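Examining the three-dimensional arrangement
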Amino acid sequence: MKLFKRTLFALLMGPAVVSADGVFKPGDELLLQTSLWTTHYKSDPDHNEHQKMINVEWYLPTYMEPEWLQADDPDSWRNDVRWMVGAANFRNSFSQRSTYVYAGGRYHFPMTENTRAYVKLTAGLLHGYRGKYRHKIPLNNLGVAPVILPAVGVEVHDVNLELVPFGASGVMANIGYYFR
């Protein structure tokens, strides 16, 4: 069964991601998240508080990080940042299906052997605010807007809990699982 799953994954994702050790190599991380709770700072009957989000983040293994992301000083905090790319599909504040495609970094603060807190910053493109809600996000003139999202979270073993403020509009709590 394991060989079947590995072969199916290779066919879907390409042979480059499958190694002799399995699908993931040491240092690989894939995070799958969903939204738990959302609230908007300002009440509006049009607001959707149930995003039904599915989010996937792939953390670049250190052997794949571009040289320009690494600092010359080996003790620099930049060398401790985990760089990632991701995509989220969700219902926006007005129940429209939306997509956020992004890149970013995450910096950890170890707490115990199996627990660490982190801060994360992502930047990307958001698509999905249409019709009368098109101008509810800045710079959405072409239907795609640039977005920067910060987040804070805690990771225990392979589970994470994260808070993401989205601009001046509200905050979302997400839960996820790391595949390593």
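Bear in mind the structure is a predicted one, so any value in this text is a computation, not a measurement. (Residues numbered from 1 in each chain as written. Predicted model: local features only at pLDDT ≥ 70, side-chain atom pairs only at ≥ 80, totals over all residues. Heavy atoms only, no water.)

1. Examining the packing of aromatic side chains
For clarity, the cut-off: Here a pair means two rings of Phe, Tyr or Trp (six-membered ring of Trp) with centres within 6.5 Å. Their orientation is stacked below 30 degrees between planes, edge-to-face above 60, and tilted elsewhere. Only runs of H or I of at least four residues qualify as helices and only runs of E of at least two qualify as strands under DSSP, and these elements are numbered from the N terminus. The cut-offs for exposure are 20% and 50% of the maximum accessible area for each residue type, with area from a 1.4 Å probe on protein chains only; residues under the lower value are buried, those over the upper are exposed, and the others partly exposed.
Enumeration according to the criterion identifies five aromatic pairs in this entry. With a centroid separation of 6.4 Å and an interplanar angle of 80 degrees, the aromatic rings of F94 and Y129 are classed as edge-to-face. A residue pair is termed long-range when its members are at least 10 positions apart, and F94 in the loop between β3 (82-91) and β4 (97-110) and Y129 in the loop between β5 (115-127) and β6 (144-156) qualify at 35 residues. What makes F94 buried here is its relative accessible area of 10%. The exposure class assigned to Y129 is buried, which follows from its relative accessible area of 9%. Consider the rings of F94 and Y133, whose centres lie 4.1 Å apart with planes at 10 degrees: the pair is stacked. Linking F94 in the loop between β3 and β4 with Y133 in the loop between β5 and β6, this pair joins segments that are 39 residues apart in sequence.

2. Re a negative patch on the surface
This is how the line gets drawn: To count toward a patch, a residue needs a relative accessible area above 30% and no salt bridge. Like charges then connect within 9 Å, nonpolar side chains (Val, Leu, Ile, Met, Phe, Trp, Tyr) within 5 Å. Computed with a 1.4 Å probe, the accessible areas rest on the Shrake-Rupley method; for each residue, only the protein chains presented here act as cover. Salt bridges are identified by distance alone: a Lys or Arg side-chain nitrogen within 4 Å of an Asp or Glu carboxyl oxygen. For the purpose of counting charges, residues Lys and Arg are taken to be positive, whereas Asp and Glu are taken to be negative. His and the chain ends are not included. For this purpose, a charge sits on NZ of Lys, CZ of Arg, CG of Asp or CD of Glu.
On the surface, E67, D72, D73 and D75 cluster together into a patch of negative charge. For E67, a relative accessible area of 70% gives the class exposed.

3. Regarding the side chain of N174
What counts is decided by this rule: Should any heavy atoms of two residues lie within 4.5 Å, those residues are considered in contact.
For N174, the position within the fold is in strand β8 (residues 170-179). Judged by relative accessible area, which is 3%, N174 ranks as buried. When sequence neighbours within four positions are dropped, the list of residues in contact with N174 reads Q33, T34, S35, L36, M53, N160, L161, E162 and V164.

4. Overview of the confidence of the model for the protein
Which entries qualify depends on this criterion: The quantity known as pLDDT measures the predictor's confidence residue by residue, on a range of 0 to 100.
Within the protein, residue pLDDT values average 85, and 82% of them lie at 70 or more. Here residues 7-18 is a poorly scored stretch, pLDDT under 50, and it has nine contacts once near neighbours within four places are set aside; other chains count.

5. Digging into the pairing of strand β7 (residues 159-166)
Counted only if it meets this: Only strands that DSSP links by at least two bridges are regarded as paired with each other.
Across the two faces of β7 the burial differs, with N160, E162, V164 and F166 buried and V159, L161, L163 and P165 not buried at all. Once β6 ends, the chain turns through two residues before running back antiparallel as β7, passing H157 with a positive phi of about 55 degrees. Of the pairings in the sheet, the one linking β7 to β8 comprises eight bridges and is antiparallel in character. For N160, the partnering residue across the bridge sits in β8 and is G176. Linking β7 back to β8 in an antiparallel pair, the connection comprises three residues, with G167 at a positive phi of about 60 degrees.

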